[in-house]
Amino acid sequence: MSTTINGPSSSKQSEESPYGPVGKVLNELDDRLGIAKGGRGLVDKIFPDHWSFMLGEIALYSFVVLIATGIFLTLYYVPSQALVTYHGAYTPLRGQQVSQAYATSIDLSFGVRAGLLMRQMHHWACDIFIGAMVIHMARVFFTGAFRKPRELNYTIGITMLILGILNGFLGYSLPDDLVSGTGIRIAFSILESIPVVGTYLAYLLFGGPFPGTAILPRFYIIHVLLIPLILIGMVTAHLFLLVRQKHTQFPGKGRTEHNVVGAPMVPIFAAKATGFFFMVAGAIALLGGLAQINPIWQFGYYRASNISYAVQPDWYMGFLDGALRIWPSWEWTGFGHTIPLEVFIPALIVPGIVFTLCALWPTIEAKYTKDTAVHNLLDRPRDRPKRTAAGAAIFAFVFMLFVASSTDVLANFSHISLNVVLWAMRVLVIVVPLITFPIVYKICVELQGVPGAGKRKRANIVSRSETGEYLAIPAEQRPGDGHHELDAETVPSYIDFQDEEPQDPGTRRVSR
Amino acid sequence: MSDDDLGSFSTASPDDPHMQPLARHPERAEQLIALTMVIGIVLVVLFGVAYWYNWKPWTFGVTLGGGILFLGFGITAWGKYLMPKGPFVEERHDLRGTDEERDLFGAAVTQRGAGILGRRKVLAGTAGLGLLAFGVVSIFPLLRSLGPLPALTPTRTGWKRGTYLVDSTGRAIHVDDLAVGGIVTVYPMGLQDTDQGQATDQTVLIRLTDTNYTTRPGRETWGPAGYIAYSKLCTHLGCPVGLYEQQLEQLVCPCHQSMFDVTNGAEPDFGPAPRPLPQLPLYVDGRGFVRAQNGFDQPVGPGYWERS
Amino acid sequence: MPKLTKQLLLPALVLLTVGLTMMILFSGGSSSATTSAESIPSTVTAAQALTVPPAAYQTGRFNSGTAFSSVRVHNSSGQLIAYGNRDITYVAPSDKLIPLGEALYMQNCASCHGSTANGVPANGTPGAYPDLRGLGPATVDFWVASGRMPASDPRNIQAERKQPRLTPTQALAVAAWVNSLSPATPYVPIVHSIQTADVSDGFQLFSLNCAACHTITGDGDALARGTNAPSLRNIPATQVAEAIRTGPGNMPRFTGNLSDEQVRNVVAYVTGYIQHPRDPGGFDLGGLGPVAEGFVALSFGVGLLALVAFWIGDRT
């Protein structure tokens, strides 16, 4: 039974282990997979604890929820534009000729048990997924985590953001309802507007003129298979790079460029991560049950000559809608050709510039600051005022585009003429980023100058001496403020559980 | 993961401050967390009950979501308050290899790899060319088989000389049908239920006045008895321009609020639309039905490269 | 007082107060309550000539809201007092209301619309206020019963819907008097058997004709140059039908392009599913669509979860 055929010093018999049956299983796995060395490294791996490092986890967990609920939906949804007569539960649709895609989506909502919950969870998870990616990206940007050696991870992240937005658009277009169908019509026109190849691209993607019957099955397979495959691959790469390069950390007591201070994977980080996963999934399920989203039965089936006012795309496409609304009607005609610049620029050029700028930012910053060193410590945003102000200005620009997509809601709410609101948006989209830059810059510089800014202030106890003099004495530190007074030490491999003290017979020691 | 790490064994006693929980009263914390876990279990089981007996949809979400939320809160609180609080540290080794490793790697790639190619330039060139040719050609079926080429299709509509204007039910529009200030969406007769009819041929018919109306010079006969017809496809992005304000005599596109002046040939006087909506010339035949004199005089809908 | 009575006194008082309050608040009702129009005898032969001169909303289509309908009812003097069909009956306000209407008109409307309702006020700009003659009682009834008239600020581009100053009967009275100056159609519509209408057809018609301004959920929104399409959530059936047939303000009028049966279906859809939407998914977030949903996702979803992360993680 001894296994000394090959292998280095196998001092322990692989069948027996002092760690019980679990240890035995680990040994067996190590025989086959060689996991002891790498596994220990993984189990001991330290993850820094700062709360802002968990924002990316929100995106990861909502992605998992998307896949799980999405699989449920694929079991019922039929991606076909063939017309069927609806005979289901929702009376205003009975007898109408609708596409199978719409009919099966309605059946999911009214006929399949928990179908509406799954549909709504899927949609809420998508909104949260993209929102979490955005604030995660903002955290990475403002703390400088994209610097060497993490430029590749940052690029992967931006690509995932773009793919997530695209997949969201494809996904909410699948039910073939009036609101999302209008979005598909607009997408067709945007493709058409590309010079030289526009009409070809549009006709090839749609399999002919709008609407055709090919577009929904194609959207479906891209949404369900192609992009999720790419996303899963990219998420894996993203996490692998994170593990390999180890997470960044803020400067602080005991933290250097050459160490990582935090909690080990097992058990603490695993517990927090699993618990947070459940909380994210739970929040999505609560929203899915309590807050109605995308009520396609109220919108009706998409017919190309029907339209509703106040049609909006999902929130993450809002910047496109806003840009399209405010752009002046410049169309270039000449030499027998037309370039609709009022479509091409806001729908393709402007987002292209913004995303390219974001993707190239590590290169731009490295060139500008001439900094090619490896950075594992993060910056506090106030310590890099120019980067923070530039990021805030870009963010403000995109945010104003979002605001511009709700011109009619603003006009309705504030009783200002729609025309005035639109002109105001045209001006604000340029002015707000321009004034954001110096304001944020100033705020950063001022915060730098104030010691202890952002930290919880210590109370001052004011006392009056007998001679009438007022004295202000800082109060004691609140418990928890000096949390990290311990020096970091390495993860213990062995915990020396003392043997229990011998007890007198008849006594029982109770811990209090 | 270098060999040094194998040597970094360390031992801790349970009294080590790093191994202590964060909570000041761990037993109380444990009881509270146990309580939240129990609530979570109850809610999750309740989800099963709700599903079994088909309660209202919102109960599914509340029970499932609340249950998982409480369970997650419990596990997280366990990790944060009851597990060793640390902090712990590990060394971060340079990712870069040693200079010697870099040298070997660089040599392997350039000399054994790329260098070999350089010694047989003809073969390398032909191999590269072959791969390039394959790459280009393999895109052909991927792209071209997707659909037909546009050709002249964007310019064609179903409106021809004499086409009857029908509403969505297929009923032909008669000159006595609309009152002044009315609007109806019309299609070429026979095409009202087709994709092409709805997507491309869709037209709005407005009655501006009681008498013949001229929107622009040269269009004197286009508006018989005050009936004016414009393509419903917005010239911005193709949304149906169904929003008509009869006193302002404006067609407003609901998508991005382009405003078209109905009295002068749907000229856009606000918003992003670049061109007026094409007008369909009409006439009233002997029996009083409103019909098209001809098709549109230009392609309908948004602009594209080939549109001259 | 016996103990039981004392115990019941307070709850009874509370119920009484609540009940009275509810009756006062919700007793608005529709103008249809005031006309006994439920049973129109079809005593007219087809050959009987129309005795109403052509109106601004005349269309030649049969059963489309004009006197050219299946059923026509005349009074003893030969005046047309009702017309319509099984779907909608259009009823003229009773002549007995005319004196009341004249008095109310002079009190509330003459200062802008003139003492002869021709749009020439006593000392205002002639032509600034519309001529009300020949528009039919449905028009006047719609504007007054919905509270838009008397207008709070005549300089606004659009008179806003507000709490009506005149009761439904008073509104009909004003309509009766104005109509008596220059009798015209359309009369006040009464939509029959809304529960058995074809809401599916109504939904499709609503989507094609109404959603472009009022939105597919009927919430309304701002339109061009300061105008707006009002919300449809709180409108009685008669006003829906009146608005469709008369096209008030910037709203286009649907005459010959919608038959009475189609209008009835639209009214059924609006009163049934626009005003009582099916929201099995939970709170409808105001029915504002993806913008509201995005706001909730970012604030309640991502925001609350970020707060949870703030709790879980370190702050240094």
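Residues numbered from 1 in each chain as written. Chains lettered and ligands numbered in written order. Predicted model: local features only at pLDDT ≥ 70, side-chain atom pairs only at ≥ 80, totals over all residues. Heavy atoms only, no water.

Caption draft 1: Examining the overall build of chain A more closely. Looking only at helices and strands, chain A features 16 helices and 10 strands. With the principal axes as the frame, chain A shows a C-alpha extent of 95 × 85 × 50 Å. By the burial criterion, 51% of the 512 residues in chain A qualify as buried. If the 40 positive side-chain charges of chain A are averaged to one point and the 37 negative ones to another, these points end up 4 Å apart. (Helix = DSSP H or I, 4+ residues; strand = E, 2+ residues; numbered from the N terminus. Buried < 20%, exposed > 50% of the residue type's maximum accessible area, 1.4 Å probe, protein only. Lys, Arg positive; Asp, Glu negative; His and termini not counted. Charge placed at Lys NZ, Arg CZ, Asp CG, Glu CD.)

Caption draft 2: The arrangement of the nonpolar core in detail. With 180 residues, the main nonpolar core has Ile130 and Phe276 of chain A, Leu251 and Phe260 of chain B together with Phe206 of chain C as its most contacted residues. Per element, the largest residue contribution to this core is 11 residues, and it comes from helix α5 (residues 115–143) of chain A. Residues Cys109, Ala145, Leu166 and Val174 of chain C belong to the second largest nonpolar core, which totals 20 residues. (Core = buried A, V, L, I, M, F, W, Y, C linked by side-chain atoms within 4.5 Å.)

Caption draft 3: Molecular detail of the interface of chain A and chain B. Contact residues are listed per partner, giving 105 residues for chain A and 94 residues for chain B. In total, chain A and chain B occlude about 8,600 Å² of area from one another, counting both sides; carbon and sulfur atoms represent 66% of this. Applying the counting rule to chain A against chain B returns 2 salt bridges. Across the salt bridge formed by Arg275 of chain B and Glu331 of chain A, the nearest N and O atoms sit 2.8 Å from each other. For the pair chain A and chain B, the number of links is 29 residue pairs in polar contact (both at pLDDT 80 or more). Residue contributions to the side of chain A that touches chain B peak at 15 residues, all from helix α10 (residues 265–290) of chain A. Where strand β4 (residues 259–264) of chain A and strand β2 (residues 88–91) of chain B come together, 4 bridges link them in antiparallel fashion. Opposite Val261 of chain A, over in β2 of chain B, you have Val89 of chain B as the bridge partner. (Contact = heavy atoms within 4.5 Å. Buried area = accessible area lost by both parts, 1.4 Å probe. Salt bridge = Lys/Arg side-chain N within 4 Å of Asp/Glu carboxyl O. Polar contact = N/O pair within 3.5 Å; in protein donor to acceptor, adjacent residues only side chain to side chain. Pairing = 2+ DSSP bridges.)

Caption draft 4: Spotlight on the environment of Pro121 of chain C. Looking at the element boundaries, Pro121 of chain C is found in the loop between α3 (110–113) and α4 (137–145). Placed 11 residues apart in sequence, Pro121 of chain C and Ala110 of chain C show a C-alpha to C-alpha distance of 6.8 Å.

Caption draft 5: Structural context of unusual backbone geometry. Residue and element names in this part refer to chain A. Of note, the bond from Lys148 into Pro149 is cis; its omega dihedral lies within 30 degrees of zero at 5°. Counting through the fold element by element, Pro149 comes out in the loop between α5 and α6 (151–173). Of note, the bond from Phe210 into Pro211 is cis; its omega dihedral lies within 30 degrees of zero at -10°. Within the secondary structure, Pro211 sits in the loop between α8 (198–206) and α9 (215–245).

Caption draft 6: Looking closely at α6 of chain A. Taking 1.5 Å per residue as the helical rise, α6 of chain A with its 23 residues ought to reach 33 Å, and the 33 Å between its terminal C-alpha atoms agrees with that figure. With respect to burial, α6 of chain A is a largely interior element, 17 of its 23 residues being buried. (Expected span 1.5 Å × (residues − 1).)

Caption draft 7: Summary view of the pattern of salt bridges. One pass over the full model with this rule turns up 23 salt bridges over all chains. Measuring nitrogen to oxygen at the nearest pair gives 4.0 Å for the salt bridge that ties Lys45 of chain A to Glu90 of chain B. In this pair, Lys45 of chain A sits in the loop between α2 (35–44) and β1 (46–47) while Glu90 of chain B sits in strand β2, so the two residues belong to two different chains. Of the two residues, Lys45 of chain A and Glu90 of chain B, both sit in the buried class. One salt bridge in this structure joins Asp269 of chain B and Arg225 of chain C, with 3.3 Å as the shortest N-O distance. Remark: Arg225 of chain C occurs in the loop between β5 (221–222) and β6 (228–229) and Asp269 of chain B occurs in strand β10 (residues 267–270); the pair is interchain, linking two chains. Relative accessible area serves as the criterion here: at 40%, Asp269 of chain B is assigned to the partly exposed category. Taking the relative accessible area as the measure of exposure, Arg225 of chain C reaches 32% and is therefore partly exposed. Where salt bridges share partners, they join Arg147, Glu365, Asp379, Arg384 and Arg387 of chain A into one cluster.

Caption draft 8: Examining the state of the cysteines more closely. A complete count under the given rule lists 1 disulfide over all chains for this structure. Covalent S-S linkage joins Cys239 of chain B and Cys255 of chain B, the inter-sulfur distance amounting to 2.0 Å. For the disulfide bridge between Cys239 of chain B and Cys255 of chain B, the dihedral angle about the S-S bond is near -90°, and by the sign convention the bridge is left-handed. With a gap of 16 residues between them, Cys239 of chain B in the loop between β6 (227–231) and β7 (243–245) and Cys255 of chain B in the loop between β8 (250–252) and β9 (259–261) connect regions that are remote in the sequence. Residue classification places Cys239 of chain B among the buried positions, given a relative accessible area of 1%. You can see Cys126 of chain A has no disulfide; the closest cysteine sulfur is in Cys358 of chain A, sitting 19 Å from it. Unpaired in terms of disulfides, Cys234 of chain B finds its nearest cysteine sulfur in Cys253 of chain B, a separation of 3.7 Å. (Disulfide = S-S within 2.5 Å.)

Caption draft 9: Summary view of the packing of α5 of chain A against helix α14 (residues 385–404) of chain A. Residue and element names in this part refer to chain A. Contact pair α5 / α14: the axes reach a minimum separation of 9 Å and the direction vectors enclose 155°. In terms of orientation, α5 and α14 fall into the roughly antiparallel class. Along the contact surface, α5 presents Val134, Phe141, Phe142 and Thr143, while α14 presents Arg387, Thr388, Gly391, Ala392 and Phe395. For the contact of α5 with α14, a count of residues per class yields 5 nonpolar, 3 polar and 1 charged. (Axes fitted to C-alpha atoms, helices over the stretch in contact; angles between N-to-C directions. Parallel < 35°, antiparallel > 145°, perpendicular 65-115°, else oblique. Nonpolar A, V, L, I, M, F, W, Y, C, P; charged D, E, K, R; others polar.)

Caption draft 10: Highlighting the interface of chain B and chain C. With 35 residues of chain B at the contact, the number on the chain C side is 29 residues. Broken down residue by residue, the surface that chain B buries against chain C is led by Lys80, Glu245 and Gln246 of chain B, which jointly contribute 18%. The interface formed by chain B and chain C holds 1 salt bridge in total. Linking chain B with chain C are 19 residue pairs in polar contact (both at pLDDT 80 or more), by the criterion used here. Listing elements by their share of the side of chain B that touches chain C, those giving two or more residues are α2 (57–82), β4 (183–188), β7, β8 and β10 of chain B. Split by residue class, the side of chain B that touches chain C holds 17 nonpolar, 10 polar and 8 charged.

Caption draft 11: Representation of the pairing of β10 of chain B. Residue and element names in this part refer to chain B. In the sheet, β9 pairs with β10 via 3 bridges, with the strands oriented antiparallel. Residue pairing in the sheet places Asp261 in a bridge with Glu267 of β10. A loop of 5 residues connects β9 with β10, the two strands running antiparallel in sequence, and Gly265 in this loop sits at a positive phi of about 85°.

Caption draft 12: Main features of the packing of aromatic side chains. A complete count under the given rule lists 45 aromatic pairs over all chains for this structure. Where Trp315 of chain A meets Phe402 of chain A, the ring centres are 5.9 Å apart and the plane angle is 35°; that geometry is what we call tilted. In this pair, Trp315 of chain A sits in the loop between α11 (296–299) and α12 (318–326) while Phe402 of chain A sits in helix α14, placing the two residues 87 residues apart along the sequence. Trp315 of chain A sits in the buried class, given a relative accessible area of 13%. Three or more aromatic residues joined by ring pairs make a cluster, and in this case those are Tyr90, Phe110 and Trp297 of chain A together with Phe203, Phe206, Tyr269 and Tyr273 of chain C. The residue whose ring lies beneath Arg113 of chain A is Tyr51 of chain B, and the NZ or CZ to ring-centre distance is 5.3 Å. Over the ring of Phe210 of chain A we find Arg185 of chain A, and its NZ or CZ is 5.0 Å from the ring centre. (Phe/Tyr/Trp six-rings, centres within 6.5 Å; stacked < 30°, edge-to-face > 60°. Lys NZ or Arg CZ within 6 Å of the ring centre and 35° of its normal.)

Caption draft 13: The arrangement of the side chain of Ser105 of chain A in detail. Mapped onto the elements of the fold, Ser105 of chain A is located in helix α4 (residues 100–110). When near neighbours in sequence (up to four residues on either side) are disregarded, Ser105 of chain A contacts Tyr77, Arg119, Pro175 and Ile296 of chain A.

Caption draft 14: Just the packing of α14 of chain A against helix α16 (residues 418–449) of chain A, in detail. Residue and element names in this part refer to chain A. Contact pair α14 / α16: the axes reach a minimum separation of 8 Å and the direction vectors enclose 150°. Considered as vectors, α14 and α16 are oriented roughly antiparallel to each other. The element α14 and its partner α16 pack so that their crossing is right-handed. When the residues that make up the contact of α14 with α16 are grouped by side-chain class, the tally is 21 nonpolar, 3 polar and 1 charged. (Left-handed = near helix turned anticlockwise from the far one by under 90°.)

Caption draft 15: Here's a closer look at the sheet that holds strand β5 (residues 203–207) of chain B. Residue and element names in this part refer to chain B. Strand order in the open sheet formed by 5 strands is β3-β4-β5-β6-β11, with antiparallel pairing between adjacent strands. Every other strand in the sheet has two partners, leaving β3 (165–166) and β11 (279–280) as the edge strands with one partner each. Examined bridge by bridge, β6 and β11 share 2 bridges and lie antiparallel to one another. Counted as the bridge partner of Tyr230 is Gln279 from β11.

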